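Coordinate inspection notes
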Amino acid sequence: GPAVPVGQRDKMYNSWLRSFCRLTLYIAWVLLSLGIQATLVFLRSPFQHRFPLICHRNCCRIMGAKVIVTGKPVKDPSALFVSNHCSYADISFIGGLVRASFVAKAEMRHWPIFGWCARLSRCVFVERQARFAKRQAEEMKDRLRAGDRLILFPEGTSSDGNRVLKFRSSLLSAADTRIDGKPVLVQPMSITYTHLDGIPVGRHLRPFFAWYGDMDMASHLWELMGMGKLTVRISFDEPVTVDQFASRKDLTNYCEAVVAARVSEALTGHAQPVLYDPEVPAAPRPALAPAPAAAATAA
């Protein structure tokens, strides 16, 4: 059903004092980080690529979140990470684990605070119109060839957190990139908001964390900051390349199936099969390695 408006949800989970304290700390830290990152970029310091990790990790601490990580991000200097997308908060949770630049919608460039952070962390901004697709694909490929790592949300928008939306193969065009004759690695990953104060987050609580549709960001951020101890699960699966599939569309379908299975596992607590059925029967199916045991880390 439709999302319950932010202002009408049950307030028993939210503390206005906690919202005020956390949001004050959050804004102060982000503004300080912007100044530090701008200085590092101006000085062309190599630490400019490391500092966003520190910035995002502290944002997670301010939000009072615990991140449980399964698997490990690839170490290759050039890689394409493919993830589902629930909220603007995904940026900090993922950005605190992976040293990479995000691929974000062009509108984000003009957002206060978030847009400034995105520009300083060298986000790739993409337009939704088809006429920009080729140029933007080349920009992403150039970044990968230059040794950058990119994080992509191929759903093209944020979801309600209960399911994974259809992945758009056009957004994975950078997967065709070849470096020294070898295809770039593509690593499926997932993010799921699972518990609040140790209690499973059901459909009635998920809108506190997922930001989608016509939700107002300011009021959503206020409520998010006022919540208790949030648990977030992030899974990294085995990387693949476009050469393992008959087409980029098959690669996209495979990544979608893996991410959907991991989100379902995180929500239900039960292992889920990866439902991947390529259109071309002869297309090879890369083996999906069992996920290693989850290791909890305080983010």
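Right above here is the structure, for reference.
Described in the following lines is the structure provided in the data block.

Conventions used here
- Residue numbers run consecutively from 1 along every chain, following the written order of its sequence.
- Thresholds applied to this predicted model are a pLDDT of at least 70 for local features of residues and 80 or more for the giving and counting of side-chain atom pairs; totals over whole chains, interfaces and linings are not thresholded and use all residues.
- To obtain the side-chain values, all non-hydrogen atoms of the structure were used and water was disregarded.
- Among buried residues, those of type Ala, Val, Leu, Ile, Met, Phe, Trp, Tyr and Cys that are joined through side-chain atoms within 4.5 Å constitute a nonpolar core.
- Relative accessibility thresholds used throughout: buried, under 20% of the residue-type maximum; exposed, over 50%; partly exposed, between the two (1.4 Å probe, protein chains only).
- Where helices and strands are cited, they refer to DSSP runs of H or I of at least four residues and of E of at least two residues respectively, numbered from the N terminus.
- Whether two residues are in contact is decided by their heavy atoms, any of which lying within 4.5 Å being enough.
- Salt bridges are identified by distance alone: a Lys or Arg side-chain nitrogen within 4 Å of an Asp or Glu carboxyl oxygen.
- Aromatic pairing here means that ring centres of Phe, Tyr or Trp (its six-membered ring) are within 6.5 Å. Orientation follows from the plane angle: under 30 degrees is stacked, over 60 is edge-to-face, and everything else is tilted.
- For patch detection, residues must exceed 30% relative accessible area and be free of salt bridges, and they are connected within 9 Å for like charges or within 5 Å for nonpolar side chains (Val, Leu, Ile, Met, Phe, Trp, Tyr).
- Reported accessibility uses the Shrake-Rupley method at a 1.4 Å probe radius. Residues are deemed covered only where the shown protein chains occlude them.
- Any pair of cysteine sulfurs within 2.5 Å is marked as a disulfide.
- Any pair of N or O atoms that falls within 3.5 Å is considered a polar contact. Within protein, one atom must be able to donate a hydrogen and the other to accept it, and sequence-neighbouring residues count only if both atoms are side-chain atoms.
- Criterion used throughout: strands pair if DSSP finds at least two bridges between them.
- The charged-residue count follows a simple rule in which Lys and Arg add positive charge and Asp and Glu add negative charge, with His and chain termini not counted at all.

Structural notes on the nonpolar core
Counting 56 residues, the largest nonpolar core has Phe93, Ile94, Tyr193, Phe209 and Ile234 as the members making the most contacts within it. Per-element tally for this core: the top contributor is helix H1 (residues 16-42), with 6 residues. Apart from the residues lying within four places of it in its own chain, the contact partners of Ile234 are Val67, Ile68, Val69, Thr70, Phe93, Ile94, Leu97, Met189, Ser190 and Ile191. Membership of the second largest hydrophobic core comes to 28 residues, among which are Val124, Ala175, Val186 and Val242.

Side note on the environment of Gly64
Mapping Gly64 onto the fold places it in the loop between helix H2 (51-62) and strand E1 (65-70). When the C-alpha atoms of Gly64 and Gly228 are compared, they prove to be 7.0 Å apart, with 164 residues separating the residues in sequence. In contact with Gly64, other than residues within four places in its own chain, are Arg22, Gly228, Lys229 and Leu230.

What to know about the pattern of salt bridges
Under the criterion given, the structure shown has 8 salt bridges. One salt bridge connects Arg262 with Glu265, and the closest N-O pair in it is separated by 2.8 Å. Of the two residues, Arg262 and Glu265 both sit in helix H7 (residues 248-268), 3 residues apart, roughly one turn of that helix. A residue is classified by how much of its surface remains accessible, and Arg262, at 7% relative accessible area, is buried. What emerges from the salt-bridge pattern is a single network uniting Arg122, Arg143 and Asp148.

Digging into the environment of Ser170
Structurally, Ser170 can be placed in the loop between strand E5 (149-152) and strand E6 (178-179). Linking Ser170 and Ala137, residues 33 residues apart in sequence, is a C-alpha distance of 8.7 Å.

Some remarks on the packing of aromatic side chains
Taken as a whole, this structure holds 9 aromatic pairs when the rule is applied. With a centroid separation of 6.3 Å and an interplanar angle of 55°, the aromatic rings of Phe47 and Phe51 are classed as tilted. On the basis of relative accessible area, Phe47 is assigned to the partly exposed category, the value being 37%. By relative accessible area, Phe51 is classed as buried at 6%. Residues Phe245 and Tyr276 carry aromatic rings whose centres are separated by 6.0 Å and whose planes lie at 80° to one another, so their mutual orientation is edge-to-face. With Phe245 in the loop between strand E10 (230-236) and H7 and Tyr276 in the loop between H7 and strand E11 (295-298), this residue pair connects regions lying 31 residues apart in the sequence. Each member of the aromatic cluster is reached from another via a ring pair, and the members are Trp29, Phe47 and Phe51.

Comments concerning a nonpolar patch on the surface
Taken together, the side chains of Trp16, Leu17, Phe20 and Trp222 make up a nonpolar region of the molecular surface, amounting to roughly 480 Å² of accessible area. In terms of residues, the nonpolar patch owes the most to one element, H1, which gives 3 residues. With respect to the element layout, Trp222 can be found in helix H6 (residues 217-225).

Thoughts on the state of the cysteines
The term disulfide refers to a covalent linkage connecting the sulfur atoms of a pair of cysteines. Considering all chains together, one arrives at 0 disulfides under this definition. Note on Cys55: no disulfide assigned, nearest cysteine sulfur contributed by Cys59 at a separation of 4.4 Å.

Thoughts on H6
All buried positions along H6 are accounted for by Met217, His220, Leu221, Glu223, Leu224 and Met225. A distance of 3.4 Å separates the backbone nitrogen of Ala218 from a side-chain oxygen at the start of H6, and that oxygen is part of Asp216.

A word on the pairing of strand E8 (residues 185-196)
When you tally the buried positions in E8, you get 10 out of 12 residues, the bulk of the element. With 5 bridges connecting them, strand E2 (residues 79-83) and E8 associate as parallel partners. The residue of E8 that forms the bridge with Ala79 is Leu185. Bridging between E8 and strand E9 (residues 199-200) involves 2 bridges; their strand directions are antiparallel. Paired with His195 across the two strands is Pro200, which belongs to E9. Where E8 folds back on E9, the antiparallel hairpin that results is connected by 2 residues, among which Asp197 adopts a positive phi of roughly 55°.

What to know about the side chain of Arg22
Relative to the helices and strands, Arg22 resides in helix H1. Of the side chains with opposite charge, Asp197 comes closest to the buried, unpaired Arg22, at an N-O distance of 7.1 Å. A distance of 3.4 Å separates the side chain of Arg22 from the backbone oxygen of Ile62, its partner in a polar contact. From its side chain, Arg22 meets the backbone oxygen of Met227 in a polar contact 2.6 Å long. Those residues within four positions of Arg22 in sequence are excluded, and the remaining contacts are Ile62, Met63, Gly64, Leu224, Met225, Met227 and Gly228.

Notes on unusual backbone geometry
Even without being glycine, Asp180 reaches a positive phi, approximately 55°. As for its position among the elements, Asp180 is in the loop between E6 and strand E7 (182-183). Unlike most non-glycine residues, Asp197 shows phi in positive territory, near 55°. By the secondary structure assignment, Asp197 is in the loop between E8 and E9.

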